Each structure stands twice: as C-alpha cells, then as structure tokens.
Amino acid sequence: MKTIFKHIEGDKTIWAIVAILAIFSFMPVYSASTNLVYVVGSGSTFGHLVKHMVLLIMGFAIIYGVHKIPYRYFSGGAVLMLPIVIVLLVFTLAQGTTIGGANASRWIRIPFVGVGFQTSTLAGLVLMVFVARYLARNKEKEIIFKESLLQLWLPVSLVLILILPANFSTTAIIFTMILVIVFIGGYPLKYISFILGAGILALTFFILIAKAFPDAMPNRVQTWQNRIESFSNGGVKEAYQVEKAKIAIATGGPLGVGPGKSVQKNFLPQSSSDFIYAIIVEEYGLFGGVMLVLVYFLLLFRIFVVLKKTVTIFGTLLVIGVGIPIIFQATINMAVATNLFPVTGQTLPLISSGGTSIWMTCFALGMILSVSASKQETEEDILDDNPLDILHETID
C-alpha cells in the first residue's frame, strides 16, 4: 500500500474525494440499473455494476496517467487536439444515430469496446484548456479585439456550433464557463458583452432555422421548448421523469428507505444516469443527499486550495476551466432531480453510469492534480511552448 501511495502525487484530499465518490456510486448504480434490466430489457444488474466498476478503474488509470504529465504539455496539447475534436464533432453529427426514436447524434460508438463516446464532453475539455492557453499568453499584452476574434473566438464558436444541434445544455455550460474564464483572465469586459450578445443572436438564429426546417434537426428545438415550458408553467402536467423523481425524493424522508429498496427506480427513466440523485435520496434519505452535496462542496474547496498554491497564470486558469465545470455539472444534475432546473441530460460526475462522463471527469481531475503536484513549472516554460515540440517529445 505504501508503494502505491509513493507514486501518487498532488492533492491527497482530491484523491480521497474521488475514491469516496467512486466507491459510493457502486450501490446506487447497481440498484438503479434494474430499470435497464426489467423495463428496457438490457443486460443484468450485476453486468451493469461490473461495467460501471471497469469504467471507474479505467478512469482512475486516466487520472494516474494524466497527473504524471507536466501540466505545461496541456497548453500545446490543446492546440493539437482542437482540429481532431472538430473532425470528431462533424463525424458525430453526420452519422445521425437515433436511440429509441430520439436524436442521439451526440454519441459515437467506440469500436471493439461497445461503449458510447460523447464527443462534446471531450470538446468542452479541450476548449477550456485552449482558452486558458490564449489568456495566459496574452496576459501582459493589450488584447486587440479583431485579433482575438480570429485567434480565440473563431475556434470556440466553430466547436460550439457543432455541439449545439445535438446538445444544447452542454453548449450552454461550455459557453458560460468560457465567459467566466475570460473574465477572470482579464479579457476586456466590453468585449465579453459583445461576445455574449453575439452568442444570444447566434442561438436565436439557430432556433429560427431549426423551426423553419424541422426535418434537418428533428425534435431538438421542440424538446428544449417542451422542457422549459414544463418547468416554468405550473399548470402544465409535469414531465413523467420529473414527477417520478419528486416522488422518489418525497419517499426518502430523513434517512431513506434503505440501499437497494427504491421503488421509483423501476419507473424513472435514466434512473442510473441523469436522475440517479433522486434514487440516492429515496434510498439514503435527506441525510445521504446532503452528505453527497457536502462531498462535492469539499471538492470545490480543494480546487480553490490548488488555485491558491498555483504560481502560473496558465495553471490557475486551467484549474478553473476544467475544475469548476465538474461542480457546475453536479449542481445542475441535482437541481434537475429536485425540480429546481429544467431537464438537461447532465450526469452526476463520478456517480452516474456512463463511460464518457467518467473518463472526461477523470481526465480533468488528472489535470488538476498535475497542477497541484507541480513545483517546477514557470510562466516562461508554458508561454514559450510549441505544440510541434510537444508532439515530437511525445513520439520520442
């Protein structure tokens, strides 16, 4: 055991939090997967648990591998990955996959593994690092808006436009986080206001196009509209999954009905992913639900501890860009389950079943741990990086 800990670097509390969340997730996923087995008719509960455990083990391997990489490599790596991400997003949109009649063009299937990969999650991670790189490299310079449009906002907008048709909630989260990062990174506020206005206009234009040509993007805008109307209009009959989630939470009471004894898991769609928090509250009660919130709050606190110790601008912006979205996503997931926010399809990080979310969360945590473990990186090392040099070092 001592040998294992000797090779683990970075913030030990973050390692512990990740382990706690991962181990805790076993029982809720095992319990909630009965919906997939008996309602959908997919696999067995033990099979879903084993798959979840394997994905988490792979996730820990990702964290370990990434946290050993000096974080200056992530700067140039984002530049190399951006065109790959764009190609993947185009391919994902073009394949037009449907699942159960619903548009699922946000997914591609990984050959030989049998796991769906959500390319927008990878794209969001790469974009955050790319934006952090731009801001760090221009921190001491006067930012010229026209130049930043080409160097920063053109790649960002291209990626977001490719994500938007299939995944509005992820697009909104990424765009919001980018605005937060550029604000913290010292990008002029008047330019941020312009970009925000341009983003709203672009979304409006997209909705009008989608309404005019519904066959091009079936069900997407109508789905967003129905979710918002269902949430905002108290007189409209609630969406089925929201109703079942509220019943699950109300049934839980202070201490819950007990592990594995949820009733609503048999009726609640996406009970092991999007709405797993409702099942957790039903089985572990208000106490369990609050404790889970506190664990995520502790993770947020440790992210700020890492921020305080980081000595470079890029490291600071990197930790904000890849760390805060984890907490943001968890907050949205729990808010949806408790009917405080419209349904978005965001999973609960490290708890919900699903490969892409777990892997990308682990990649982000690996980056944060790399920053917290670093004692030698300087601003000059990072700002003078060359993506082609990084590629050459990687190949060698």
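Quick notes on the rules
Counting starts from 1 at the beginning of each chain's written sequence and moves along it residue by residue. Residue-level local features of this predicted model are given only where pLDDT is at least 70; pairs of side-chain atoms are given and counted only at 80 or more, and the full residue set underlies all totals for whole chains, interfaces and linings. As a rule here, side-chain values come from all non-hydrogen atoms in the structure, and water together with hydrogens is ignored. Runs of E in the DSSP output that reach at least two residues are strands. Runs of H or I that reach at least four are helices, and both are numbered from the N terminus. Remark: exposure states derive from per-residue accessible area (1.4 Å probe, protein chains only) relative to the maximum for the residue type, with buried under 20%, exposed over 50%, and partly exposed in between. Residues are treated as being in contact if the distance between any of their heavy atoms lies within 4.5 Å. Using a 1.4 Å probe, accessible areas were evaluated by the Shrake-Rupley method; residue-level cover was limited to the displayed protein chains. For salt bridges, the criterion is a side-chain nitrogen of Lys or Arg within 4 Å of an Asp or Glu carboxyl oxygen. The term nonpolar core refers to a set of buried residues drawn from Ala, Val, Leu, Ile, Met, Phe, Trp, Tyr and Cys, joined through side-chain atoms within 4.5 Å. Between the N-to-C directions of two axes lies an angle of 0 to 180 degrees, each axis being a line fitted to C-alpha atoms and, for a helix, fitted only over the stretch in contact. Oblique is the label for every angle not falling under 35 degrees (roughly parallel), over 145 degrees (roughly antiparallel), or within 65 to 115 degrees (roughly perpendicular). Crossing handedness follows the turn of the near helix against the far one: under a right angle anticlockwise gives a left-handed crossing, and clockwise gives a right-handed one. Residues are grouped as follows: Ala, Val, Leu, Ile, Met, Phe, Trp, Tyr, Cys and Pro are nonpolar; Asp, Glu, Lys and Arg are charged; every other residue, Gly included, is polar. Residues enter patches when they are more than 30% accessible in relative terms and free of salt bridges; like-charged ones are connected within 9 Å and nonpolar ones (Val, Leu, Ile, Met, Phe, Trp, Tyr) within 5 Å. Aromatic rings from Phe, Tyr and Trp, taking only the six-membered ring of Trp, are treated as a pair when their centres fall within 6.5 Å; an angle between ring planes under 30 degrees marks them as stacked, one over 60 as edge-to-face, and anything in between as tilted. A ring is considered to have a charge above it if a Lys NZ or an Arg CZ atom is located within 6 Å of its centre and within 35 degrees of its normal. Any helix carries an expected span of 1.5 Å times its number of residues minus one.

## Thoughts on the overall build of the protein chain
Reasoning step 1: The helix and strand tally for the protein chain stands at 16 helices and four strands.
Reasoning step 2: Taking all 396 residues of the protein chain together, 49% fall into the buried category.
Reasoning step 3: Considering only contacts within the protein chain whose residues lie at least 6 apart along the sequence, 74% involve residues at least 24 apart.
Reasoning step 4: Accessible surface, the protein chain as shown: approximately 19,200 Å² in total, 69% of it carbon and sulfur.

## What about the pattern of salt bridges?
Reasoning step 1: Per the stated rule, a full pass over the model turns up two salt bridges.
Reasoning step 2: With a closest N to O distance of 2.7 Å, Glu-9 and Lys-68 form a salt bridge. Placement of the pair is Glu-9 in the loop between helix H1 (2–7) and helix H2 (12–32) and Lys-68 in the loop between helix H4 (45–67) and helix H5 (72–95), with a sequence separation of 59 residues.
Reasoning step 3: Accessibility expressed as a relative area gives 34% for Glu-9, which makes it partly exposed.
Reasoning step 4: The partner of Asp-11 in a salt bridge is Arg-302, and the shortest N-O contact between them spans 2.7 Å. Of this pair, Asp-11 sits in the loop between H1 and H2 while Arg-302 is found in helix H12 (residues 276–309), placing the two residues 291 residues apart along the sequence. Judged on exposure class, the residue Asp-11 and its partner Arg-302 are both buried.

## Some remarks on the nonpolar core
Reasoning step 1: Core analysis: the biggest nonpolar cluster contains 103 residues, and Tyr-187 and Leu-348 have the highest contact counts within it.
Reasoning step 2: For this core, the element with the highest residue contribution is H12, accounting for 15 residues.
Reasoning step 3: Tyr-187 has contacts with Leu-135, Ile-143, Phe-145, Ser-148, Leu-152, Trp-153, Val-182 and Ile-192, leaving out every residue within four places of it along the chain.

## Overview of the packing of H2 against H12
Reasoning step 1: Running from amino to carboxyl end, H2 crosses H12 at an angle of 160°, the nearest separation of the two axes being 10 Å. What the angle tells us is that H2 and H12 run roughly antiparallel. Between H2 and H12 the crossing geometry is left-handed. Residues Thr-13, Ile-14, Ile-17, Leu-21, Phe-24, Met-27, Pro-28, Val-29, Ser-31 and Ala-32 of H2 touch H12, and the partners they reach there are Ile-276, Ile-279, Ile-280, Glu-283, Tyr-284, Leu-292, Val-295, Tyr-296, Leu-298, Leu-299, Arg-302 and Val-306.
Reasoning step 2: Class assignment of the residues belonging to the contact of H2 with H12 gives a composition of 18 nonpolar, two polar and two charged.

## Considerations on a nonpolar patch on the surface
Reasoning step 1: Taken together, the side chains of Met-27, Tyr-30, Phe-46, Val-50, Val-54 and Met-58 make up a nonpolar region of the molecular surface, amounting to roughly 500 Å² of accessible area.
Reasoning step 2: Secondary structure elements with two or more residues in the nonpolar patch: H2 and H4.
Reasoning step 3: At four residues, the largest contribution of residues to the nonpolar patch is made by H4.

## Considering the packing of aromatic side chains
Reasoning step 1: Under the criterion given, the structure shown has six aromatic pairs.
Reasoning step 2: Arranged with centres 6.2 Å apart and planes meeting at 15°, the rings of Tyr-71 and Phe-314 form a pair that is stacked. Pair noted here: Tyr-71 is in the loop between H4 and H5 and Phe-314 is in helix H13 (residues 313–337), with a separation of 243 residues, a long-range link.
Reasoning step 3: What links up through ring pairs into an aromatic cluster is the set Phe-145, Trp-153, Tyr-187, Tyr-191 and Phe-194.
Reasoning step 4: The residue whose ring lies beneath Lys-244 is Phe-267, and the NZ or CZ to ring-centre distance is 5.3 Å.

## Overview of the environment of Leu-49
Reasoning step 1: Within the fold, Leu-49 resides in helix H4.
Reasoning step 2: Sequence spacing of Leu-49 and Met-27 is 22 residues, and the spatial spacing of their C-alpha atoms is 8.3 Å.
Reasoning step 3: Setting aside anything within four residues of it in sequence, one finds Leu-49 in contact with Phe-26 and Tyr-30.

## Notes on helix H8 (residues 168–184)
Reasoning step 1: A rise of 1.5 Å per residue sets the reference length of H8, with its 17 residues, at 24 Å; its end C-alpha atoms lie 24 Å apart and thus fit the reference within 8%.
Reasoning step 2: One or two residues past the end of H8 sits Gly-186, with phi positive at roughly 90°.

Just geometry here; none of it tells us what the structure is for.
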